[in-house]
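# Tertiary structure, described
The residues making up each chain are set out below.
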Amino acid sequence: MREKSNLERCVARLGENGVSLIMKLLFALGVAVAVSLLSQFSAMAATCSVSTTSVRFSSYDVFSTIPLDTTGSVTFNCDAALSVSMVLNRGGSSTFNPRRMTKGSEPVNYNLYLDASKSTIWGDGTGNTSVYSNPSTPVNQNVTVTIFGSMPARQNASVGSYTDSISVTINF
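Since the model is a prediction, treat every value here as computed from it, not as a measurement.

Reading the values: the criteria
- Residues numbered from 1 in each chain as written.
- Predicted model: local features only at pLDDT ≥ 70, side-chain atom pairs only at ≥ 80, totals over all residues.
- Heavy atoms only, no water.
- Helix = DSSP H or I, 4+ residues; strand = E, 2+ residues; numbered from the N terminus.
- Buried < 20%, exposed > 50% of the residue type's maximum accessible area, 1.4 Å probe, protein only.
- Contact = heavy atoms within 4.5 Å.
- Pairing = 2+ DSSP bridges.
- Axes fitted to C-alpha atoms, helices over the stretch in contact; angles between N-to-C directions.
- Core = buried A, V, L, I, M, F, W, Y, C linked by side-chain atoms within 4.5 Å.
- Disulfide = S-S within 2.5 Å.
- Polar contact = N/O pair within 3.5 Å; in protein donor to acceptor, adjacent residues only side chain to side chain.

## Focus: the overall build of the protein chain
When helices and strands are tallied, the protein chain shows 2 helices and 8 strands. Order of helices (α) and strands (β) in the protein chain, N terminus to C terminus: α-α-β-β-β-β-β-β-β-β. For the protein chain, buried positions account for 38% of its 172 residues. Expressed as a percentage of contacts within the protein chain between residues at least 6 apart in sequence, the contacts between residues at least 24 apart total 69%.

## As for the sheet that holds strand S8 (residues 168-171)
Strands sit in the order S6-S3-S8 across an open sheet of 3 strands; the sheet is antiparallel. The sheet is open, and its two borders are formed by strand S6 (132-134) and S8, each paired with just one other strand. Neighbour to neighbour, the strand axes of the sheet diverge by 10° on average, direction disregarded. Bridge count for strand S3 (residues 84-88) against S6 is 3 bridges, and the pairing is antiparallel. Across the sheet, residue methionine 86 finds its bridge partner in S6, namely tyrosine 132.

## Re the nonpolar core
Judged by nonpolar contacts, the single largest core of 26 residues is most densely connected at Phe76 and Met86. Excluding residues within four positions of it along the chain, methionine 86 makes contact with Val74, Phe76, Trp122, Val131, Tyr132, Val145, Val168, Thr169 and Ile170.

## Looking at the state of the cysteines
Tallied over the entire structure, the rule returns 1 disulfide. In this model cysteine 48 forms its disulfide with cysteine 78; the gap between the sulfur atoms is 2.1 Å. Taking the sign of the S-S torsion, 115° for the link of cysteine 48 and cysteine 78, the bridge is right-handed. Of this pair, cysteine 48 sits in strand S1 (residues 48-53) while cysteine 78 sits in strand S2 (residues 68-78), placing them 30 residues apart in sequence. You'll find cysteine 48 and cysteine 78 in the same group, each marked buried.

## Section: the environment of aspartate 69
Positionally, aspartate 69 belongs in strand S2. Its relative accessible area of 43% is what places aspartate 69 among the partly exposed residues. Taking the C-alpha atoms as reference, aspartate 69 lies 5.6 Å from glycine 149; in sequence the two are 80 residues apart. Among residues more than four places away in sequence, those in contact with aspartate 69 are Lys118, Gly149 and Ser150. A polar side-chain atom of aspartate 69 sits 3.1 Å from a polar atom in the side chain of lysine 118. In this structure the side chain of aspartate 69 is engaged in a polar contact, spanning 2.6 Å, whose partner is the side chain of serine 150.

Interpretation in functional terms is not warranted from these geometric data alone.
Shown next as structure tokens:
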């Protein structure tokens, strides 16, 4: 029988909630790095890879009467069947609805959704938001979760680049 490493013993003592906390802390450093590091903590933890595609809005027409929609995604692949949940934070906004991108001090409203119909705001489960949840992921198969983004029509926005930074926390 192989002797456990110090990292494996540490994770065994922390338990599942501790592993989730470690992931939350590591996700601040980068999604791919966090999953890679977590998979090395313990033979009990599954090995997972994660990649993202940014939500990027095209040019916004202030005179358009229809919202500007786009998508991004999070793709993960694990070597074991796991229960997975994903939460998104508010970014630079004080609320989930609306989220705000800024250019200096100029804001434009937008939001991120779990569904193409834009009825379910993707957040952390508070403030009328929902969380992505998959109770049993397929083994060794990519799972791509689409992030639906939308900017309301007829906002008074000047020309330029507006940004916001959203953190994704994945709990395995």
